[in-house]
Amino acid sequence: MANGQWYPPEWPERIRALADGTLTPVVPRRAATVMLLKDTGPGSDSGDTGSGSASEDSGSGGTGTRPAVHMLRRRASMAFAGGAYAYPGGGVDPRDDDHHVRWAGPTRAWWASRLGVDEAAAQAIVCAAVRETYEEAGVLLAGPTADTVVGDTTGDDWETDRAALVARDLSLAEFLDRRGLVLRSDLLGAWTRWITPEFEPRRYDTFFFVAVLPAGQRTRNASTEADHTVWIRPSEAMDGYDRGDLLMMPPTIATLRQLGAYGTAAEALAAAPGRDMTPVLARARLVDGELVLSWPGHDEFTKHIPTGGASA
């Protein structure tokens, strides 16, 4: 392949089935994913993308002018996007729709307007972003007060609570209450929204957020779904994708290209409120004997699929 675009071999058959009406689209699950950023100095090494042990780095700060983003590589055995590089993220916990969550930052009403959903859904989506970042990267966007954030989150007691969150034995609201913490929604910026194509068997309505790694906290590979993590500058990740070395789904490489325009992590976070949150949904149509798969506004991902064979 010319690049690292994730392209399952079963797509053409499923697209044809959708086109002829024999495939009923699955209702997408709500999900959130977080592009966690930190600044790196002009000469620093932001990480590698090899198959070695997971990288571990300390918090942001300093005078660096090139942000790096925390990415994980999904295990090859995963049914969805196995082997692809992605950001920490996952599905919404339905309990977060109605549980009272200790909250700081923009109101739920503000988030509802920003995300284009009702207030209960907005709370659940923001909670998912905070929870998944903690579950998969060990980074917690919460603090004892509305203007503080926790420092070191390592240790057996923290790990016990994190494992309980992963197992859904503990809701995020219960976790925050137990710790006397407030969710810092102001540390997140809504960046974009992508919906899995209608022909996919597993579909997600995913809200992408951006956040800056809090000072004092460290990332680690805490996910059972990833075999490697890395801090990497968007430009380096894009180069790896363009060479075909790094496998990524369309929304991942699209957001990396967008992040590449910013000189610092803070600049990217500050730009988030101005971002268009209109959902991006792939379209499949029949044109001159070919199935054409496209993502509106993202021409680089367009695929022409012969009706009798595999992708072009």
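Along each chain, residues carry numbers from 1 onward, in the same order as the chain's sequence is written. Thresholds applied to this predicted model are a pLDDT of at least 70 for local features of residues and 80 or more for the giving and counting of side-chain atom pairs; totals over whole chains, interfaces and linings are not thresholded and use all residues. Side-chain calculation: all heavy atoms of the structure are included, whereas hydrogens and water are not.

Asks: Sorry, what's going on with the sheet that holds strand β6 (residues 142–143) here?
Replies: Sheet strands line up and pair through hydrogen bonds in the backbone, either parallel or antiparallel. Reading across from one edge, β5-β7-β6 is the order of the 3 strands in this open sheet, with mixed pairing throughout. Strands at the two margins of the open sheet, each flanked by one partner only, are β5 (103–104) and β6. Relative to strand β7 (residues 182–184), β6 is paired through 2 bridges, and the arrangement is antiparallel. Across the sheet, Ala 142 pairs through a bridge with Leu 183, a residue of β7. For two strands to be treated as a pair, DSSP must find at least two bridges joining them. Strands are runs of DSSP state E lasting at least 2 residues, helices are runs of H or I lasting at least 4, and numbering of each runs from the N terminus.

Asks: Where do I start with the packing of aromatic side chains in this structure?
Replies: Two aromatic rings, taken as a pair, are described by how far apart their centres are and by the angle between their planes. Side-chain rings of Phe, Tyr and Trp (the six-membered ring for Trp) are treated as a pair once their centres are within 6.5 Å; stacked means planes under 30 degrees apart, edge-to-face means over 60, and tilted covers the remaining angles. Per the stated rule, a full pass over the model turns up 9 aromatic pairs. Where Tyr 134 meets Trp 158, the ring centres are 6.3 Å apart and the plane angle is 75 degrees; that geometry is what we call edge-to-face. Of this pair, Tyr 134 sits in helix α3 (residues 119–137) while Trp 158 sits in helix α4 (residues 156–166); the two residues are 24 residues apart in sequence, bridging distant segments of the chain. A single burial state applies to Tyr 134 and to Trp 158, both of which are buried. We call a residue buried when its accessible area falls under 20% of the maximum for its residue type, exposed when it is over 50%, and partly exposed in between, using a 1.4 Å probe and counting protein chains only.

Asks: Looking at this model, I keep getting lost on the pairing of strand β1 (residues 29–40). Mind explaining?
Replies: Regular strands show a simple pattern: their side chains alternate between the two faces of the sheet. The element β1 is extensively covered by neighbouring structure, given that 10 of its 12 residues are classed as buried. Both β1 and strand β9 (residues 204–212) contribute to a ladder of 9 bridges, which runs parallel. Bridged to Met 35 within β9 is Val 210. As paired strands, β1 and strand β4 (residues 89–91) are joined by 3 bridges and run antiparallel to one another. When the bridges of β4 are listed, Ala 31 appears paired with Gly 91. Note: β1 against strand β2 (residues 66–74), 4 bridges, orientation antiparallel. The residue of β2 that forms the bridge with Thr 40 is Arg 66.

Asks: Can you walk me through the pattern of salt bridges in this structure?
Replies: Any two side chains of opposite charge can pair, so long as their charged atoms come close to each other. In what follows, salt bridge is the name for a side-chain nitrogen of Lys or Arg lying within 4 Å of a carboxyl oxygen of Asp or Glu. Considering all chains together, one arrives at 17 salt bridges under this definition. We note a salt bridge from Glu 132 to Arg 168, for which the minimum N-O separation is 3.5 Å. Here Glu 132 is found in helix α3, whereas its partner Arg 168 is found in the loop between α4 and α5 (172–179), with 36 residues between them in sequence. Overall, the relative accessible area of 5% leaves Glu 132 in the buried class. A salt bridge links Asp 205 to Arg 193; the nearest nitrogen and oxygen atoms lie 2.6 Å apart.

Asks: Looking at this model, I keep getting lost on helix α7 (residues 250–259). Mind explaining?
Replies: Each full turn of the α-helix corresponds to 3.6 residues, which orients residues three or four apart in the same direction. Counting buried residues in α7 gives 9 out of 10 residues, a clear majority hidden from the surface. The set of residues buried in α7 consists of Pro 250, Pro 251, Thr 252, Ile 253, Ala 254, Thr 255, Leu 256, Gln 258 and Leu 259.

Asks: When you look at the confidence of the model for the protein chain in this model, what are you seeing that I'm missing?
Replies: Low pLDDT marks regions whose predicted coordinates should not be analysed in detail. Residue-level confidence of the predictor, termed pLDDT, takes values from 0 up to 100. Looking at the protein chain as a whole, its pLDDT mean stands at 85, while 84% of the residues score no less than 70. Should any heavy atoms of two residues lie within 4.5 Å, those residues are considered in contact. Low confidence marks residues 43–64, where pLDDT is under 50. Its contacts with residues over four positions away, or in another chain, come to 60 contacts.

Asks: Just to check I follow, could you spell out unusual backbone geometry for this structure?
Replies: Negative phi is the rule for most residues except glycine; trans is the rule for most peptide bonds. Despite not being glycine, Arg 168 shows a phi value in the positive range, around 60 degrees. Accessibility expressed as a relative area gives 29% for Arg 168, which makes it partly exposed.

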